[in-house]
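Geometric and topological summary
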Amino acid sequence: MPPHHRPRAALALSREAAEAVLEPPALAALAEVCDLAPPPVLDDLTTDRARGILAGTELLVTGWGCPPLTAQVLADAPRLRAIVHTAGSVRHHVTEACWERGIEVSSAAAANALPVAEYTVAMILLSGKRVLESARDYRAARARGDWLSTPRDTGNYRRTVGILSASLIGRRVIELLRPYDLPVLLHDPYVSDAEAAELGVTPVSLADLFARADVVSVHTPLLPATRGLVSRELLAAMRPDAVLINTARGAVVDQDALTDAVTEGRIRAILDVTDPEVLPPGHPLWDCGNALITPHLAGSQGNEWRRLAELAVDEARRWAAGDGFAHPVRRERLAYLA
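For clarity, every value in this text was computed on a predicted model and none was experimentally measured.

**Digging into the nonpolar core**
Within the largest apolar cluster, 29 residues are counted, with the highest numbers of intra-cluster contacts made by F210, V230, L235, M238, L244, L258 and V262. Of all the secondary-structure elements, those providing two or more residues to this core are α10 (206–212), β9 (215–218), α11 (232–236), α12 (255–263) and β11 (268–271). If one sorts the elements of this core by residue count, α12 sits on top with four residues. Excluding anything up to four places from it in sequence, L258 contacts L235, L244, V253, I267, A269 and L271.

**A look at the UniProt feature "domain: D-isomer specific 2-hydroxyacid dehydrogenase catalytic" (unreviewed entry) in the protein**
UniProt's feature table lists "domain: D-isomer specific 2-hydroxyacid dehydrogenase catalytic" (unreviewed entry) at residues 44–329, given in the numbering used throughout. Between the first and last C-alpha atoms of residues 44–329 the distance is 24 Å; the span itself is 36% helix and 13% strand.

**Some words on helix α13 (residues 305–320)**
Between its first and last C-alpha, α13 extends 23 Å over 16 residues, near the 22 Å set by a 1.5 Å rise per residue. The inward-facing, buried residues of α13 contact α1 (15–21), α2 (24–33), β3 (59–62), β4 (82–85), β5 (104–107) and α6 (109–128). Two residues or fewer past α13, G322 is found with a positive phi of approximately 85°.

**A few points about the UniProt feature "domain: D-isomer specific 2-hydroxyacid dehydrogenase NAD-binding" (unreviewed entry) in the protein**
UniProt feature "domain: D-isomer specific 2-hydroxyacid dehydrogenase NAD-binding" (unreviewed entry): in the numbering of this structure it lies at residues 124–298. In residues 124–298, the share of helix is 31% and the share of strand is 14%. The end C-alpha atoms are 13 Å apart.

**Here's the deal with the side chain of D76**
Position of D76 among the secondary structure elements: in the loop between α4 (71–75) and β4. Although D76 is buried, it forms no salt bridge, and the closest oppositely charged side chain is R51 at an N-O distance of 4.7 Å. With residues near it in sequence (within four places) discarded, D76 still touches R51, L54 and A55.

**So, the sheet that holds β3**
The strands making up a sheet are joined through hydrogen bonds of the backbone, oriented either antiparallel or parallel. Reading across the sheet, the five strands line up as β2-β1-β3-β4-β5 and stay open at both edges, with parallel pairing between neighbours. Looking at which strands have only one partner, the edges of the open sheet turn out to be β2 (35–36) and β5. Across four bridges, the pairing between strand β1 (residues 8–12) and β3 is parallel. Residue pairing in the sheet places A9 in a bridge with L59 of β3. Its contacts with the sheet place α13 against β3, β4 and β5, and it is angled at close to 160° to β4.

**Some words on the packing of α6 against α13**
Between α6 and α13, the shortest axis-to-axis distance is 8 Å and the interhelical angle comes to 160°. By the angle class used here, α6 and α13 are roughly antiparallel. For the pair α6 and α13, the sense of crossing is right-handed. On α13, the residues touching A111, N112, L114 and P115 of α6 are R307, L308 and L311. Partitioning the contact of α6 with α13 into residue classes produces five nonpolar, one polar and one charged.

Cut-off values and rules
- Residues numbered from 1 in each chain as written.
- Predicted model: local features only at pLDDT ≥ 70, side-chain atom pairs only at ≥ 80, totals over all residues.
- Heavy atoms only, no water.
- Core = buried A, V, L, I, M, F, W, Y, C linked by side-chain atoms within 4.5 Å.
- Buried < 20%, exposed > 50% of the residue type's maximum accessible area, 1.4 Å probe, protein only.
- Helix = DSSP H or I, 4+ residues; strand = E, 2+ residues; numbered from the N terminus.
- Contact = heavy atoms within 4.5 Å.
- UniProt positions renumbered as here; feature names shortened; annotations may be inferred.
- Expected span 1.5 Å × (residues − 1).
- Lys, Arg positive; Asp, Glu negative; His and termini not counted.
- Salt bridge = Lys/Arg side-chain N within 4 Å of Asp/Glu carboxyl O.
- Pairing = 2+ DSSP bridges.
- Axes fitted to C-alpha atoms, helices over the stretch in contact; angles between N-to-C directions.
- Parallel < 35°, antiparallel > 145°, perpendicular 65-115°, else oblique.
- Left-handed = near helix turned anticlockwise from the far one by under 90°.
- Nonpolar A, V, L, I, M, F, W, Y, C, P; charged D, E, K, R; others polar.

Next comes the structure, spelled out in structure tokens:
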């Protein structure tokens, strides 16, 4: 790509996602570096209008709801050289045909990791102080209990945190936990002992992670090898009253086994994702006092979408200037990415 080339660009995502993520300032910034196709965005790549736009498109800015970029779609886009994704995973729309073409791909996964990590750290600290349970009991009793009789296992001093997977989010959680008196264990078979030392964590086996941690936070992408990774045996090995936090994907955890462990009162769970998502109306976890279920809100929402847009604009600017992506998605890393 020649330096300072103004590529012809198009937006391919759902109209709802475009309205949420790509506010007017972001669109104006994109238009400064690209010849941007006029609205509406492309949410169907098979129409005559879409094919006409794709025929000259060099850079495709994608987002939630982007249709798969199949070989046929790419045949209609002979000049397409790069994709900038305004969200995290590219698995839903970047197909093998894209990699075969040699199309460069960028993702805003690094930006989306930040609010997930912040949510996780908040939940680690809140669960250690048993804030939600205490607020519930306080509301029911309308009276303060004897704070000097607080159980010794309540609090965040030297509480052991287990991180499952040093993903982008997992690493950010580790970084954010450094100021606290919380020893951190890590299980990630792709992290060497030397790298673990640099991260400031203790590498352990999967079984040790669940047996030793007071709180286990799941940051493993959902891949064929990780489906059901958090098994009934691992959940049974957790310490009494330990906490499982899942902000990754529901299917990484054996949902039935987790339900049994939580409803029986053996462990607590903070679940931003479930399997299925959403749980059926009569599912026992809905009314279980040991479970906090949130509607997949840990990721970017509200004003945090601006961060995704800003990263995408920066990537488009870099690519147009011939500098390459700062946040590339590598084909050889796909087996380890969400």
